[in-house]
Amino acid sequence: QVQLVESGGGLVQPGGSLRLSCAASGRIRSINYMGWYRQAPGKQRELVAAVTSGGSTNYADPVKGRFTISRDNAKNTVYLQMSSLKPEDTATYYCNADITRIWPIETRNYWGQGTQVTVSS
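Description of the structure in this document.

Tallying each qualifying case throughout the model produces 1 disulfide. Residue C22 pairs covalently with C95 via a disulfide, S to S 2.1 Å. Given an S-S torsion of about -85°, the disulfide between C22 and C95 has left-handed geometry. Of this pair, C22 sits in strand β3 (residues 18-25) while C95 sits in strand β9 (residues 91-101); the two residues are 73 residues apart in sequence, bridging distant segments of the chain. By relative accessible area, which is 0% here, C22 ends up buried.

Let us now look at the sheet that holds strand β8 (residues 77-82). Strand order in the open sheet formed by 4 strands is β1-β3-β8-β7, and the pairing between neighbours is antiparallel. The open sheet has two free edges, formed respectively by β1 (3-7) and β7 (67-72), since each of these has just one partner strand. Neighbouring strand axes in the sheet, compared pairwise and without regard to direction, differ in orientation by 15° on average. Relative to β8, β7 runs antiparallel, the two sharing 6 bridges. Paired with R71 across the strands is V78, a residue of β8.

In this structure, the largest pocket encloses a volume near 170 Å³. Taken together, 13 residues make up the lining of the largest pocket; nearest its centre are R38, A40, K43, E46 and E88. Residue composition of the lining of the largest pocket, by class: 3 nonpolar, 3 polar and 7 charged.

Cut-offs and rules
Residues numbered from 1 in each chain as written. Predicted model: local features only at pLDDT ≥ 70, side-chain atom pairs only at ≥ 80, totals over all residues. Heavy atoms only, no water. Disulfide = S-S within 2.5 Å. Helix = DSSP H or I, 4+ residues; strand = E, 2+ residues; numbered from the N terminus. Buried < 20%, exposed > 50% of the residue type's maximum accessible area, 1.4 Å probe, protein only. Pairing = 2+ DSSP bridges. Axes fitted to C-alpha atoms, helices over the stretch in contact; angles between N-to-C directions. 1 Å grid on protein atoms, 1.4 Å probe; cavity = no way out; pocket = protein on both sides within 12 Å on 5 of 7 lines; lining within 4 Å. Points joined across faces, edges and corners; volume = space filled by probe spheres on them. Nonpolar A, V, L, I, M, F, W, Y, C, P; charged D, E, K, R; others polar.

On their own, these measurements won't tell you what the molecule is for.
Structural data, given as structure tokens:
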């Protein structure tokens, strides 16, 4: 069984910082793409940032220059460092990844359970 578990969400004041973590566990052969999405109440889920196995990254325009995505391949973990947080960053943040299992050798897309980030004074 492969699963993604997020941590690090919480309440932070505008201008503050948070670091989210997402660890993949199970019988994993390899992890290709890893990314973070978010969904605010009444809105569609949107991509925040993504990183490939080779380290290439891309960011949504609203978070460019404020958020940094990184990954530790040895730990099967992806991070999202969020700085200069704004109230509009308030959402549930979800980890997403394309993971190839050891057996059967197949690649599937997985989602974490989500972690709440609230930016408010």
